[in-house]
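# Structural features, examined
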Amino acid sequence: MQEDSARATNRWAALYVLCLGSLMIVLDATIVNVALPSIREDLGFSETSLAWVVNAYLLTYGGLLLLGGRLGDLFGHRRLFLFGITLFTVASLACGLATTQGFLVGARAVQGVGGAIASAVSLSLIMTLFTEPTERAKAMGVFGFVAAGGGSVGVILGGVLTDSLDWHWIFLVNVPIGVLVCALCLRLLPSAEGPAASGRVDVAGAVTVTSALILATYAIVNGNQEGWTSAQTLGLLGAAAVLLAVFLAIEARVTAPLMPLRLFRLRNVATANVIGVLWAAAMFAWFFLSALYLQLVLGYSPLKVGLAFLPSTLIMGAFSLGLSAKLVMRFGIRKPLGTGLGLATVGLLLFTRAPVDGNFVTDVLPSMILLGFGAGMAFNPLLLAAMNDVDTSEAGLASGLVNTSFMMGGALGLAILASLAASRSDDLRASGEGALEALTGGYHTAFLVGAIFAATGAALGLALLPSEAPASEHEPPGELEPAGSGEPTS
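All values reported here derive from a predicted model rather than from experimental measurement.

Thresholds, definitions, all that
- Residues numbered from 1 in each chain as written.
- Predicted model: local features only at pLDDT ≥ 70, side-chain atom pairs only at ≥ 80, totals over all residues.
- Heavy atoms only, no water.
- Axes fitted to C-alpha atoms, helices over the stretch in contact; angles between N-to-C directions.
- Helix = DSSP H or I, 4+ residues; strand = E, 2+ residues; numbered from the N terminus.
- Left-handed = near helix turned anticlockwise from the far one by under 90°.
- Contact = heavy atoms within 4.5 Å.
- Nonpolar A, V, L, I, M, F, W, Y, C, P; charged D, E, K, R; others polar.
- Parallel < 35°, antiparallel > 145°, perpendicular 65-115°, else oblique.
- Phe/Tyr/Trp six-rings, centres within 6.5 Å; stacked < 30°, edge-to-face > 60°.
- Buried < 20%, exposed > 50% of the residue type's maximum accessible area, 1.4 Å probe, protein only.
- Lys NZ or Arg CZ within 6 Å of the ring centre and 35° of its normal.

## So, the packing of helix α11 (residues 267-297) against helix α13 (residues 334-351)
- α13 packs onto α11 with a crossing angle of 35° between their chain directions and a minimal axis gap of 11 Å. Taken as a pair, α11 and α13 cross one another with a handedness that is left-handed. Facing Ile275, Trp279, Ala282, Met283, Trp286 and Ser290 of α11, the residues of α13 in contact are Leu337, Leu341, Ala344, Leu348 and Phe351.
- Of the residues belonging to the contact of α11 with α13, the class tally is 10 nonpolar, 1 polar and no charged.

Here it is in structure tokens:
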């Protein structure tokens, strides 16, 4: 009896360690937004190149999520989690010591690699630790709450550290946390691993898709400066298209593809991934551009920027604790998703009228509240829509596909909207507008296009996704099992 009790205690202690590692990674995605203007001023980034501080992380993180999960299956989840956290911690130290643009962007890319590996195996470790359905559900709830709450912690902590010390400390704070997580992992996480998955690692798929997205994003970010019809821009976009075609050819032929194309024959999976790209483009632009508007136009300190984001992140955290799941059980998938993206659309549209001398209560807070409700309401049904037609053994893969689409949509969408904002600002300055007026006008254009992305996602969800709530048990569709496939699913 005492042994069972000790084992249960160790399970929950191990969960809290995994949550701490997840918190560090999630926190890093939002803590940076508050410090972006300070980083820009200190290292001399342009308005468009500043997007690479975010995109370098998003591209490697999103591009390697699926590969990280596959490596965990092959080489052991604990081993890969430790490797990912260690790499993330070392890269955080490098970011904190960065004094040049290139060094910071490079270190952020390495951070994304470590974060992807650790995140990809975290859920697998939880599934191993908690085998009883009720306990597993509770553990997943705790993990989900920490992941959502990391956004709230990030915006506040980012403001405090940037204001009281400087922007370098938003990265250096990860170092002691990472060391603690590694030490506790060695003590608490089970070292015994299950049977390794069969098949090869699809390194070629990961390299080609990530390279394609990096080239496309680089072309878009520099489109204004080099010219949209210049040889560099068109050449990079052409190379990205070729690499994407090579990626699709690889995925169609390899025995253990990184992204099984057969899943996209399912309407819900395909639709959810397209919506994920559109929604992420709108959401990442919201975090990035509104932080710049608050600090560069309204003159907010980093701490005030963090506090301005707090209402929306708290609302998103509240939805992750169960409100979103209750809405899905009551109204199905289609209505909460469509309503959530509709609210996000209105929130972004309100930002298109934010003036140069804006007031927080009337010009910022309504948008933040609407975007918080919209994002909190839409995320859970989006994941459920992606997994609704998929066999239980492949639910994790379907979830990983949506997360990858979300990160890639965020990176490309942010690059597009940052370029649009810069182009519009340049045009307004050339026509005689003042500096702040031109800057604000550029942000208005980007917010408008972001609202169009969100509205398109809402329309697709309302038109194509199922209205009913997902069944707790269902038979997998026949088309999920390709003819002649006798391979077990990992």
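Moving on from the coordinates now.
## Here we look at the packing of helix α3 (residues 77-96) against helix α4 (residues 101-129)
- The geometry of α3 relative to α4 is characterised by a closest axis approach of 7 Å and an angle of 155° between their N-to-C directions. With respect to α4, the element α3 is oriented roughly antiparallel. Note on packing geometry: the crossing formed by α3 with α4 is left-handed.
- A class-by-class count of the residues in the contact of α3 with α4 yields 18 nonpolar, 8 polar and 2 charged.

## Thoughts on the packing of aromatic side chains
- Following the criterion strictly, the structure yields 5 aromatic pairs and no others.
- A ring pair is formed by Tyr57 and Tyr61, whose centres lie 5.7 Å apart and whose planes are at 20°; its orientation type is stacked. Remark: Tyr61 and Tyr57 occur in helix α2 (residues 51-75); sequence separation between them is 4 residues, near one turn of the helix. Across this residue pair, the class does not change: Tyr57 and Tyr61 are buried.
- On the basis of an interplanar angle of 90° and a centroid distance of 6.3 Å, the ring pair of Trp167 and Phe171 is categorised as edge-to-face. Both residues of the pair, Trp167 and Phe171, belong to the buried class.
- Just above the ring of Tyr300 sits the side chain of Lys304; from NZ or CZ to the centre is 4.4 Å.

Fair warning: the whole summary comes from geometry, so function is off the table for now.
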